[in-house]
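For reference, the chains in residue letters:
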Amino acid sequence: QLAESGGGLVQDGESLSLSCEASGRTLTFYAVGWFRQAPGKERELVAAIMWNTHATYYADAAKGRFTISRDDAKNTVYLRMNNLKPEDTGLYYCAAEKTNQIPADPDGIDYWGKGTQVTVSA
């Protein structure tokens, strides 16, 4: 089970940190990604981190503003979001896939969290 926390309402330019904690299983062997779903839009990968190398991936819109990290001892993955914009608004899901590749395809995800809402006001 994956549980997200840290969402909320912020203003344009502010920051938020999200956490994703796995319970009942280890995240070893799992790449973990943060997906965002805005109203009326498809779920899209925002950032991901591999389990073995801790290599990271960022969508173009997230580059330079978001930082993903993981603490395997705590079974937790984090997403630090700086300089938030109204277009970052959406439901943010944590997702884990047992792979050495970027978990970009929602259909390939093994485990999903329930999501945490991020709202950025102009």
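To be clear, the structure that these remarks concern was listed above.
Residues numbered from 1 in each chain as written. Predicted model: local features only at pLDDT ≥ 70, side-chain atom pairs only at ≥ 80, totals over all residues. Heavy atoms only, no water.

Undergrad: So what about the pairing of strand E1 (residues 2-5)? Which residues, and what values?
TA: Only one face of E1 is covered, namely the face carrying Leu2 and Glu4; the face carrying Ala3 and Ser5 is uncovered. Here E1 runs beside strand E3 (residues 16-22); their pairing, made up of four bridges, is antiparallel. Bridge pairing in E3 places Ala3 opposite Glu21. (Buried < 20%, exposed > 50% of the residue type's maximum accessible area, 1.4 Å probe, protein only. Helix = DSSP H or I, 4+ residues; strand = E, 2+ residues; numbered from the N terminus. Pairing = 2+ DSSP bridges.)

Undergrad: How would you summarise the side chain of Arg70 if you had to cite specific residues and measurements?
TA: The topology assignment puts Arg70 in strand E7 (residues 66-71). Residue classification places Arg70 among the buried positions, given a relative accessible area of 9%. Among the polar contacts made by the side chain of Arg70, one reaches the main-chain carbonyl oxygen of Leu27 at a distance of 3.0 Å. Within the structure, the side chain of Arg70 is placed 3.3 Å from the backbone oxygen of Met50, a separation counted as a polar contact. (Polar contact = N/O pair within 3.5 Å; in protein donor to acceptor, adjacent residues only side chain to side chain.)

Undergrad: Lay out the nonpolar core in plain terms, naming residues and giving numbers.
TA: Considering soluble globular proteins, one finds that nonpolar side chains tend to be buried as a cluster. Counting residues in each nonpolar core, the largest one holds 26 residues, and the members touching the most others are Trp34, Phe66, Leu79, Met81 and Tyr92. Sorting the residues of this core by element identifies E3, strand E4 (31-37), strand E5 (44-49), E7, strand E8 (76-81), strand E9 (90-97) and strand E11 (116-121) as the ones contributing at least two each. The element best represented in this core is E3, accounting for four residues. Once you skip the residues sitting within four places of it in the chain, Tyr92 turns out to touch Glu4, Leu18, Trp34, Phe35, Arg36, Val46, Phe66, Leu79, Met81, Gly115, Thr116 and Val118. One finds Phe35, Met50, Ala95 and Ile109 within the second-largest nonpolar core, a separate group that totals eight residues. (Core = buried A, V, L, I, M, F, W, Y, C linked by side-chain atoms within 4.5 Å. Contact = heavy atoms within 4.5 Å.)

Undergrad: Could you give me a rundown of unusual backbone geometry, with the residues and numbers involved?
TA: You will see that Phe29, though not glycine, has its phi angle at about 80°, which is positive. On the accessibility criterion, Phe29 (44% relative accessible area) is partly exposed.

Undergrad: Now, about the pattern of salt bridges: what can you tell me, with residues and values included?
TA: For the structure shown, the criterion picks out five salt bridges. Between Arg36 and Glu44 there is a salt bridge, with the nearest N and O atoms lying 3.1 Å from each other. Taking relative accessible area as the criterion, Glu44 reaches 39% and is therefore assigned partly exposed. With a closest N to O distance of 2.7 Å, Asp88 and Arg65 form a salt bridge. Of this pair, Asp88 sits in the loop between E8 and E9 while Arg65 sits in the loop between strand E6 (56-58) and E7, and the two are 23 residues apart along the sequence. Of the two residues, Asp88 and Arg65, neither departs from the other in class, the shared state being buried. Here the salt bridges do not stand alone but share partners, grouping Arg36, Glu44, Arg65 and Asp88 into one network. (Salt bridge = Lys/Arg side-chain N within 4 Å of Asp/Glu carboxyl O.)

Undergrad: Can you lay out the packing of aromatic side chains for me, pointing to particular residues and giving the numbers?
TA: All told, the structure shown has four aromatic pairs when counted by the stated rule. Taking 6.1 Å as the distance between ring centres and 85° as the angle between the ring planes, the aromatic pair formed by Tyr93 and Trp112 counts as edge-to-face. In this pair, Tyr93 is assigned in strand E9 and Trp112 in strand E10 (residues 111-112), connecting sequence segments 19 residues apart. Taking the relative accessible area as the measure of exposure, Trp112 reaches 30% and is therefore partly exposed. Every member of this aromatic cluster is reached through a ring pair, and the members are Phe35, Tyr93 and Trp112. The lysine or arginine in question, Arg43, covers the ring of Tyr93, its NZ or CZ lying 3.7 Å from the ring centre. Across from the ring centre of Trp112, 4.5 Å away, lies the NZ or CZ of Arg43, which sits over that ring. (Phe/Tyr/Trp six-rings, centres within 6.5 Å; stacked < 30°, edge-to-face > 60°. Lys NZ or Arg CZ within 6 Å of the ring centre and 35° of its normal.)

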